[in-house]
Amino acid sequence: MPPRPGGKRAPRHGPEEMQECHPMAATLLESSTTDKVLAGERITPVEARELYQLPLQELGELANIRRRQIKREAYDGRGAQIVTYIVDRNVNYTNVCNVYCKFCAFYRTEKDEDHYVLTLDQIDRKLQELSDNGGVQVLLQGGHHPKLGIDHYLDMLDHIRGKFPHINVHGFSPPEFNHFAEVFGMPLREVIGKFMEAGLGSIPGGGGEILVDRVRDRISPLKCKTDQWLEVMRIAHELGLKSSCTMMFGHVETVEDRIEHLERLRQQQDETGGFTAFICWTFQPENTVLKAEPVGSAEYLRMQALSRIYLDNIPNVQSSWVTQGPKIGQVALQYGANDFGSVMMEENVVSAAGTTFRLNKEEIEGLIAEAGYEAHRRDNWYRLLN
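This section reports on the structure supplied with the text. Predicted model only: the values in this text are computed from it and were never measured.

## Here we look at unusual backbone geometry
Peptide bonds are trans in most cases, and residues, glycine excluded, mostly fall at negative phi. If you check the backbone angles, D76 has positive phi at about 55 degrees while not being a glycine. Tracing the backbone through its elements, the reader meets D76 in helix 5 (residues 74–77). Look at D76 and you get exposed, because its relative accessible area is 78%. A positive phi angle, near 65 degrees, is found at F172, a position not held by glycine. Here F172 shows up in the loop between strand 4 (168–171) and helix 8 (174–184).

Rendered as structure tokens:
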């Protein structure tokens, strides 16, 4: 198991030093809150709300400074110049789900003609194609199928580990694990432990949406609550699994709800240090029950920048080009992101809601280089592969 990163806050650097290393810093010293960011200090929820009001470019500059503070010692001191990405594939083992989230266009019931559960042969074909393209990870997620027992999942994990030992299984989000515990009649810790023994390597941060129960009750009332989502991550981190964390915004939540979400993640990271990366994206409304006026790319960049500043103990922020498009994904590298996410050979959930952006390895590396950074492939633990 790879070593656990310490979950440390950004190192402190004085305003004078930051002025020397960033040309915009001198224009950002009028506020005590921006002073704190420039000095590498932690901001409060009230200060986050203040930063949210800044002109977008200024907030982006602060996020870029925070990114440099956090990454400057990574990769033998080259972290500020490096942008990483991973070659993986999303495999949704079933689209059957009984929580009927209003923002989801992917789920089906067993009565729908197009419902499915993938066979091991179907999974093998997908993973062989991934392997042939240099892939190192599968994002394995599905709906909350009410009838699949624990042996189905353990056999699937054991099969993948035996046939594709070089591919990390980044699988089963916290809502899925809460569903498993209920269906299997087992404690969460036992379920996660058995999945680890069968070959689970890490856990994605899906199902986070907004970690405020008032919001969750409106958009996904049958899905796990905030404390349940965090409890899965706490147990996983204690058992040695790493995970990512996410936020899906731009629907019924307020800015204060978004900041509360970030606060809960930061508190969790202080306790366990197990989050490797944060990813945020905007709600995609097409083909969904939940209707909301879509927020634009500027709001996405604003929230990513604010998140990078606030989450001072999470080492990586991924650009969400899958929902925002390649060019905004590239711009996001100037708003705090240090990772370009995944080649993502297959994606079914977001695309079901009308978003269908695709990039290959060469295109991702070209976008990173065009933005002035070194492009490097990585694994799930952010170790460089080239």
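## A short note on the nonpolar core
In terms of nonpolar packing, the biggest core is built from 92 residues, with F172, F177, F195 and F340 touching the most fellow members. The element that contributes the greatest number of residues to this core is helix 13 (residues 297–310), accounting for 7 residues. By size, the runner-up hydrophobic cluster in this structure holds 5 residues, among which are A74, I82, A277 and Y382.

## What to know about the pattern of salt bridges
Taken as a whole and judged by the stated rule, the model has 21 salt bridges. For D312, the salt bridge is made with R42, and the minimal N-O distance between the two is 2.8 Å. A residue pair is termed long-range when its members are at least 10 positions apart, and D312 in the loop between helix 13 and strand 8 (316–318) and R42 in the loop between helix 2 (32–38) and helix 3 (45–52) qualify at 270 residues. Neither D312 nor R42 differs from the other in exposure class; each is buried. Among the ionic pairs, K163 bridges to D124, the shortest N-O distance being 3.2 Å. You can see K163 sitting in helix 7 (residues 150–163) and its partner D124 sitting in helix 6 (residues 120–132), a full 39 residues away along the chain. Through salt bridges with shared partners, one network takes in R189, E231, R234 and E238.

Rules behind the numbers
- Residues numbered from 1 in each chain as written.
- Predicted model: local features only at pLDDT ≥ 70, side-chain atom pairs only at ≥ 80, totals over all residues.
- Heavy atoms only, no water.
- Helix = DSSP H or I, 4+ residues; strand = E, 2+ residues; numbered from the N terminus.
- Buried < 20%, exposed > 50% of the residue type's maximum accessible area, 1.4 Å probe, protein only.
- Core = buried A, V, L, I, M, F, W, Y, C linked by side-chain atoms within 4.5 Å.
- Salt bridge = Lys/Arg side-chain N within 4 Å of Asp/Glu carboxyl O.

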